[in-house]
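Inside the fold
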Amino acid sequence: QVQLVESGGGSVQAGGSLRLSCVRSGFTSSSGCMAWFRQAPGKEREGVASINVDGSTNHADSVKGRFTISKDNAKNTMYLQMNSAKPEDTAIYYCAARYFRACGASIREGDFRAWGQGAQVTVSS
């Protein structure tokens with residue numbers, strides 16, 4: 001039984017910073033891609049960033065240079081550091097896992113099977 005639980009969401013002013021966390025429990029393997037997605041009202045869910053078991057990462061163009069994905073394997077926790085936040089970043093953020101499979105060149109929603117419940121992030125201008 002695998003669970004992914006996000007935390008750290010909230011409100012922040014434009015230009016500010018926020019860090020999201022995703023705690024994994026009941027995980028039986030250290031292998032597999034993990035990622036952050038987000039979904040704004042009226043829009044489709046989009047990939048934000050992904051991280052492989054070896055620590056290699058990929059970030060969407062819309063957040064590159066501002067957001068950083070990372071993880072602490074000992075704590076079974078993945079993070080998304082959000083800097084220079086923009087109102088366009090307002091969305092529900094989800095963590096996801098693609099167990100036993102490496103990350104692809106692109107962050108694709110259909111590749112992932114385990115999902116967290118989501119964390120609301122609101123960036124005010």
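Please refer to the structure placed before this passage.
Now for a description of the structure that goes with this document.

A short note on the packing of aromatic side chains
Taken as a whole and assessed by the stated rule, the structure comprises 2 aromatic pairs. Considering the side-chain rings of F37 and F112, the 5.3 Å spacing of their centres and the 75° angle between planes classify their relative orientation as edge-to-face. Placement of the pair is F37 in strand β4 (residues 32–39) and F112 in the loop between β9 (91–99) and β10 (114–115), with a sequence separation of 75 residues. This pair shows no difference in class: F37 is buried, exactly as F112 is. Residue classification places F37 among the buried residues on the basis of a relative accessible area of 0%. Aromatic rings pair up to connect F37, F112 and W115 into one cluster. Directly above the ring of Y94 sits R45, whose terminal nitrogen or CZ lies 4.1 Å from the centroid. In this arrangement the basic side chain of R45 is found over the ring face of W115, its NZ or CZ atom lying 4.7 Å from the centre.

Some thoughts on the state of the cysteines
Taken as a whole, this structure holds 2 disulfides when the rule is applied. Sulfur-sulfur distance for the disulfide between C22 and C95 comes to 2.1 Å. On the sign convention where negative means left-handed, the S-S torsion of about 55° between C22 and C95 marks this disulfide as right-handed. Within this pair, whereas C22 is found in strand β3 (residues 18–25), its partner C95 is found in strand β9, the two being separated by 73 residues in sequence.

A look at the pattern of salt bridges
According to the stated counting rule, one finds 6 salt bridges in the structure shown. Put simply, E109 and R45 hold a salt bridge, and the shortest N to O gap is 4.0 Å. Taken together, the residues E109 in the loop between β9 and β10 and R45 in the loop between β4 and β5 (46–51) connect sequence positions 64 residues apart. You can call E109 partly exposed: its relative accessible area is 38%. You can call R45 partly exposed: its relative accessible area is 24%. The salt bridge involving D89 is made with R66; its shortest N-O contact spans 2.8 Å. Of the two residues, D89 is situated in the loop between β8 (77–82) and β9 and R66 in the loop between β6 (57–59) and β7 (67–72); the sequence distance between them amounts to 23 residues. For R66, a relative accessible area of 11% corresponds to the buried category. Three or more residues are tied together by salt bridges with common partners; here these are R38, E46, R66 and D89.

Thresholds, definitions, all that
Residues numbered from 1 in each chain as written. Predicted model: local features only at pLDDT ≥ 70, side-chain atom pairs only at ≥ 80, totals over all residues. Heavy atoms only, no water. Phe/Tyr/Trp six-rings, centres within 6.5 Å; stacked < 30°, edge-to-face > 60°. Helix = DSSP H or I, 4+ residues; strand = E, 2+ residues; numbered from the N terminus. Buried < 20%, exposed > 50% of the residue type's maximum accessible area, 1.4 Å probe, protein only. Lys NZ or Arg CZ within 6 Å of the ring centre and 35° of its normal. Disulfide = S-S within 2.5 Å. Salt bridge = Lys/Arg side-chain N within 4 Å of Asp/Glu carboxyl O.

All we've got here are geometric facts, nothing functional implied.
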